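# Chain and residue survey
Here are the chains, one letter per residue:
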There are 2 protein chains.
Amino acid sequence: MQRISGSLWRWWSGLLLCLTLSAVAQADSVLPSWRDRTARTAIIAFVQATTTQGSPDFVPPAERIAVFDNDGTLWSEQPLYFQGAFAFDRIKAMAPDHPEWASKELFASVLKGDYKTALAGGEKALGQIILTTHAGMTSDQFNAIVADWLRTAKHPRFKRPYNELVYQPMLEVLGYLRANGYKTFIVSGGGAEFMRVFAEQTYGVPPEQVIGSTIKTHFELRDGKAVIVRDPDIDSIDDGPGKPVGIARYIGRAPIIAFGNSDGDLQMLQYTTQSSSKKRLGVIIHHTDADREFAYDRKSINGKLDKALDLAQSSGWIVVDMKNDWSRIYPFEQ
Amino acid sequence: MQRISGSLWRWWSGLLLCLTLSAVAQADSVLPSWRDRTARTAIIAFVQATTTQGSPDFVPPAERIAVFDNDGTLWSEQPLYFQGAFAFDRIKAMAPDHPEWASKELFASVLKGDYKTALAGGEKALGQIILTTHAGMTSDQFNAIVADWLRTAKHPRFKRPYNELVYQPMLEVLGYLRANGYKTFIVSGGGAEFMRVFAEQTYGVPPEQVIGSTIKTHFELRDGKAVIVRDPDIDSIDDGPGKPVGIARYIGRAPIIAFGNSDGDLQMLQYTTQSSSKKRLGVIIHHTDADREFAYDRKSINGKLDKALDLAQSSGWIVVDMKNDWSRIYPFEQ
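All of these numbers come straight from a predicted model, not from anything done at the bench.

Moving on, we get to the overall build of chain A. Summing up its helical and strand segments, chain A has 13 helices and eight strands in all. Each principal axis of the C-alpha atoms in chain A carries an extent, and together these give about 90 × 50 × 40 Å. In chain A, which comprises 334 residues, the share counted as buried stands at 52%. For chain A, contacts bridging at least 24 residues in sequence account for 68% of all contacts bridging at least 6. Entry remark: accessible area of chain A is about 15,300 Å², with carbon and sulfur atoms responsible for 54%. Charged side chains in chain A number 37 positive and 38 negative. The centres of these two groups are separated by 5 Å.

Between chain A and chain B, the superposition needs a rotation of 180° and an axial shift of 0.0 Å, giving an RMSD of 0.0 Å. Given the turn and translation reported, the copies of this chain are related as if by a two-fold rotation axis. Nearest to the rotation axis, the C-alpha of A:Tyr250 is located 3.4 Å from it, this being the minimum over chain A.

A few words now on the domain arrangement of chain A. Residue and element names in this part refer to chain A. Domain assignment breaks chain A into domain 1 (33-77 + 164-325) and domain 2 (82-152). Placing the centre of domain 1 and that of domain 2 at their C-alpha centroids yields a distance of 26 Å. Counting residues at the interface gives 21 residues for domain 1, matched by 17 residues for domain 2. For domain 1, the biggest contributors to the area lost against domain 2 are Phe194, Val197 and Arg230; these three give 43% of the whole. At the boundary of domain 1 and domain 2, one finds zero salt bridges. Across the contact surface, domain 1 and domain 2 share six residue pairs in polar contact (both at pLDDT 80 or more). Within the residue set of the side of domain 1 that touches domain 2, elements represented by two or more residues are β2 (183-191), α9 (192-203), β3 (210-222) and β4 (225-236). Of the residues forming the side of domain 1 that touches domain 2, the biggest block, nine residues, is contributed by β4. Residues of the side of domain 1 that touches domain 2, tallied by class, amount to eleven nonpolar, three polar and seven charged.

Another aspect to go through is unusual backbone geometry. In this structure, A:Pro79 follows A:Gln78 across a cis peptide bond, with omega equal to 0°. Turning to its location among the elements, A:Pro79 is positioned in the loop between β1 (65-68) and α3 (82-94). Look at A:Leu31: it is not a glycine, yet its phi comes out positive at around 50°. By the element assignment, A:Leu31 lies in the loop between α1 (6-29) and α2 (38-51). One non-glycine residue with positive phi stands out, namely B:Asp223, at about 50°.

Thresholds, definitions, all that
- Residues numbered from 1 in each chain as written.
- Chains lettered and ligands numbered in written order.
- Predicted model: local features only at pLDDT ≥ 70, side-chain atom pairs only at ≥ 80, totals over all residues.
- Heavy atoms only, no water.
- Helix = DSSP H or I, 4+ residues; strand = E, 2+ residues; numbered from the N terminus.
- Buried < 20%, exposed > 50% of the residue type's maximum accessible area, 1.4 Å probe, protein only.
- Contact = heavy atoms within 4.5 Å.
- Areas by Shrake-Rupley, 256 points an atom, 1.4 Å probe, with all protein chains shown as cover.
- Lys, Arg positive; Asp, Glu negative; His and termini not counted.
- Charge placed at Lys NZ, Arg CZ, Asp CG, Glu CD.
- Least-squares fit on C-alpha atoms with pLDDT ≥ 70 in both.
- Domains from an automatic or database assignment.
- Buried area = accessible area lost by both parts, 1.4 Å probe.
- Salt bridge = Lys/Arg side-chain N within 4 Å of Asp/Glu carboxyl O.
- Polar contact = N/O pair within 3.5 Å; in protein donor to acceptor, adjacent residues only side chain to side chain.
- Nonpolar A, V, L, I, M, F, W, Y, C, P; charged D, E, K, R; others polar.

Laid out in structure tokens, this is it:
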């Protein structure tokens, strides 16, 4: 073997030192809004185990699929699902063209701001509100309506645009996973086209990686222009057992990682962690911080977390305690 | 400015020369199985126009979506759609467990190899064959059945596995577009889960970028294992006007490029090229080579190309003449 000259040796040791320091710095800078507790450690350990060549849990890049619920997992969902707030605001905006609504109890309640009475009609009432506000226009027109609402509407408690109420620690998870070759998908009970308006800019998730509930549409040539028209009819509900069905339909394979926060995510968590014997990661975001966000679980109307919480331990899912695990909730906090 | 030493200068000029030669070689080596005619020139010019910064037709990378029909566009579709051949082979494989089929005309015809009589029952007969062979098992089981068929079945004329009958010039288009930042999707009337078994290895298209017809499925825990079960019920038909609807549902925005070969691709071509005033690319593969492949268009049962061919010129779509535009059809040709 050729003798290594002194200067080359010094250069070599210097390089090694730099690489070591940079690895340490990198590990420290990962997920900075997560406190150094069990949840953060488990997420990092899982990502390292699945992305290190030669690891028994190594996952080839093409199979690195991570799925995220949206409402309550990536952004807040209280006091009302944000898409519900959008629908009520739309009813108000559309009311001048619909004088007949004044005498219809459902719409009259919404116009008075009495959402509780409006929603007392259950799924049927909600469906009517959704279809009235989400159908009857082209996809491009709908996108423009949602974009305009996001620019102008404010959350009642935080007085900020709704898409600022995203969780900083989850933005960090999304970025960390993508930096490690994971493809990140949203799998939400919310409307796919509603989320697609902001998901790319807000989460870095492109429209084709947003799976959600859909209404029926049809294709039309209007004055020579090709358009997609939104019809007042439900196509699919991407919630509960509908989530693994949606994942199979859109992605075509089981995810490696799933993040959720409610019983609506139960079957997605099961599909992710219980469809193979390999090491998988399931995470539940538990809303425990009434001061900085909201505290709710088993009794909540929005984002009820009951059965999935009972099954978390036996299923090996990590339960994130927002109050203690997250040093920061929203990006706008200092 | 510091004087450039002779050796550095020679190194620098050598590098420039290499880069120039490599650019020329690259342009020459693009789409090598395409003869240097109008179609090849137009495809290359379009890709350069949409990917060159500062070009009036520049498309940001996130919006570079290219969609491809499968049957007749990426692989052959004669004398029978290959998925039809799969279904008939499955009927034969399943027959020993179904003695009652001997007395049912539809199945008896298939078992005799009399596909013409079997398909005389039209869509209803075809639907019964498809649902009998494509439902009643888990997704994983279905994938294994298709993979096994691809390993063992042979095309009646070419005596090769069906997934060798892919078009070399189209493999080159897929690779060329991906090298230029395009995301390539399959949008086919064929079954999504059928195509996903081979699309990644054959075309480099991952399952989550394969859109096709689907049957209904449901989620189940079987002995503690999470599975997706395929139900005997059509979910969506991704053909004709169903293609832009599928694109809107799965991708969430209109493509920049579309390749098709039949009237089933008409609305996808219109949605791609007529939903905005910007420069878009629509291409029709015209089957004109009876010697090397098959020649058919307006009168064919599979891949009928009639109305879309009439509209090609006024719509600005490129019509590829397989016989004259392609120097090679299949990868196995020398």
